[in-house]
Amino acid sequence: MWYGRMTSELEELYDKYYNMFKGDPDEYIDLEYGEDDYDDYVSDIKKSLELKKELPELYD
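### Focus on the overall build of the protein
Line of reasoning, step 1. Counting secondary structure elements, the protein contains two helices and zero strands.
Line of reasoning, step 2. Here the C-alpha radius of gyration of the protein, 10 Å, is about what a compact globule of 60 residues would show, namely 10 Å.
Line of reasoning, step 3. Counting only residues that meet the buried cut, the protein has 33% of its 60 residues in that class.
Line of reasoning, step 4. Relative to all contacts within the protein whose residues are 6 or more apart in sequence, the contacts with residues 24 or more apart total 66%.
Line of reasoning, step 5. Of the roughly 4,100 Å² that the protein leaves accessible, carbon and sulfur atoms contribute 44%.

Spelled out as structure tokens, the structure:
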């Protein structure tokens, strides 16, 4: 879950993520990102898209 503000960068990444996985990157209850984790969250979404793996799969 993402607990920070929405930015234009995140909106673009959300669109790409949705197109690839048919869901939002903040729908996973077991993953939590706060406002201070913005850079990590963006990085993880980009990595997820690059590897074509949903966010939880990055931590398996």
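### Here we look at helix 2 (residues 38-51)
Line of reasoning, step 1. Between the first and last C-alpha of helix 2 there are 20 Å, a value that for 14 residues agrees with the 20 Å anticipated at 1.5 Å per step.
Line of reasoning, step 2. The secondary structure elements touched by the buried residues of helix 2 are helix 1 (8-21).
Line of reasoning, step 3. The positive-phi residue at the C-terminal boundary of helix 2 is Lys-52, with phi of around 55°.

### Comments concerning the side chain of Ser-48
Line of reasoning, step 1. Along the chain, Ser-48 turns up in helix 2.
Line of reasoning, step 2. For Ser-48, a relative accessible area of 0% corresponds to the buried category.
Line of reasoning, step 3. Those residues within four positions of Ser-48 in sequence are excluded, and the remaining contacts are Tyr-17, Phe-21, Lys-53, Glu-54, Leu-55 and Leu-58.

### Regarding the packing of aromatic side chains
Line of reasoning, step 1. Inspection of every chain in the model, using the stated rule, returns four aromatic pairs.
Line of reasoning, step 2. Relative to Tyr-41, the ring of Tyr-33 lies with its centre 4.6 Å away and its plane at 45°, an arrangement referred to as tilted.
Line of reasoning, step 3. Tyr-33 gets classed as buried once you look at its relative accessible area, which sits at 6%.
Line of reasoning, step 4. Cluster of aromatic residues (ring-pair linked, three or more members): Trp-2, Tyr-33, Tyr-38 and Tyr-41.
Line of reasoning, step 5. We note Arg-5 situated over the ring of Tyr-38; from NZ or CZ to the ring centre the distance is 5.7 Å.

Parameters and conventions
- Residues numbered from 1 in each chain as written.
- Predicted model: local features only at pLDDT ≥ 70, side-chain atom pairs only at ≥ 80, totals over all residues.
- Heavy atoms only, no water.
- Helix = DSSP H or I, 4+ residues; strand = E, 2+ residues; numbered from the N terminus.
- Rg over C-alpha atoms; globule rule 2.2 N^0.38 Å.
- Buried < 20%, exposed > 50% of the residue type's maximum accessible area, 1.4 Å probe, protein only.
- Contact = heavy atoms within 4.5 Å.
- Areas by Shrake-Rupley, 256 points an atom, 1.4 Å probe, with all protein chains shown as cover.
- Expected span 1.5 Å × (residues − 1).
- Phe/Tyr/Trp six-rings, centres within 6.5 Å; stacked < 30°, edge-to-face > 60°.
- Lys NZ or Arg CZ within 6 Å of the ring centre and 35° of its normal.

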